[in-house]
Amino acid sequence: MKGTIPMRRWAACLVVPILAMTGCESTVESPYEPDELSVQTDHGMPPRAEFNQQLAQLRRAMASFHRFSAAEAAGYDTQLTPCWYYSGAGAMGYHWGNVTLIDDKAELLKPEILVYEPQSSGRLRLVALEYIVPIAAWTGADPPSLLGQEFNRNDALGLYALHIWLWRYNPNGMFADWNPKASCQYADESEDRAP
């Protein structure tokens, strides 16, 4: 079946979580079909092989952060937002940041924010990464970019930002802000969910 993982490999990753750092990172496959990636990205995209290689490298680097405790231990310990959703557009989720990474640089393997979707079990599921650069700190003539994608300018927050939906399919595109497939259904009801 397309997109599935051989049972033996999947079981090994569950039984021995430490293997996530040495080869089981692919147990969380891309939700995109190869042909969708070229449609999902802008004209500035690197060649397909290079693009896929960079995404695979990013998945490996972020594999341990599917365990929220590992993300916290790595410095992603500041909840920056409630579970954000926007009626009609979809959701983003909770944004957990490593504030020491917020500077004038955009580095693929150092996202400033991990985006988690609340699950019915109470667990948080890693669905996306977000890269941010303060507008005031950016000195380039053009907006920052990664993977051939220019960051969006958000004047209200004073940031350039780029989402990469690596683990939750986004019909609006891998780099879109809002995802109609993401949900805040299981978020704390007391939170203000709209930005």
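Note: the structure precedes this text.
Along each chain, residues carry numbers from 1 onward, in the same order as the chain's sequence is written. Per-residue local features are limited, in this predicted model, to residues with pLDDT of at least 70; the limit for side-chain atom pairs, both in listing and counting, is 80 or more; totals at the level of whole chains, interfaces and linings are taken over all residues. Excluded from the side-chain calculation are hydrogens and water; included are all heavy atoms of the structure.

> For this particular structure, what's the right way to read the nonpolar core?
Side chains of nonpolar character tend, in soluble globular proteins, to be buried together. We call a set of buried Ala, Val, Leu, Ile, Met, Phe, Trp, Tyr and Cys residues a nonpolar core when their side-chain atoms join them within 4.5 Å. For every residue, the accessible area (1.4 Å probe, protein chains only) is compared with the maximum for its type, and the residue is labelled buried under 20%, exposed over 50%, or partly exposed between those bounds. Residues L58, F65, L114, Y116, L129, Y131 and I164 are the most contacted members of the largest nonpolar core, which totals 43 residues. The greatest single-element share of this core, amounting to eight residues, is contributed by strand β5 (residues 124-134). If near-sequence neighbours (up to four positions away) are discounted, L114 is found in contact with M62, F65, A71, Y76, Y94, H95, W96, L126, A128 and L129. For helices the rule is a DSSP run of H or I covering at least 4 residues; for strands it is a run of E covering at least 2, with both sets numbered from the N terminus onward. Pairs of residues are marked as contacts when any of their non-hydrogen atoms sit within 4.5 Å.

> Please explain the pairing of strand β9 (residues 159-164) as it appears in this structure.
Regular strands place side chains that alternate from one sheet face to the opposite one. Judged by how many residues are buried, β9 sits mostly within the fold: six of six residues are covered. In β9, alternate side chains face the same way, and those of L159, A161 and H163 on one face and Y160, L162 and I164 on the other are all buried. Sheet topology note: the β5/β9 ladder contains six bridges and is antiparallel. Residue pairing in the sheet places I132 in a bridge with A161 of β9. Strand pairing is assigned whenever DSSP detects at least two bridges linking the two strands. Sheet topology places strand β8 (residues 152-154) next to β9; three bridges connect them, and they run antiparallel. Residue pairing in the sheet places N152 in a bridge with A161 of β9. Counted along the chain from β8 to the antiparallel partner β9, the turn is four residues long, and its residue G158 has a positive phi close to 70°.

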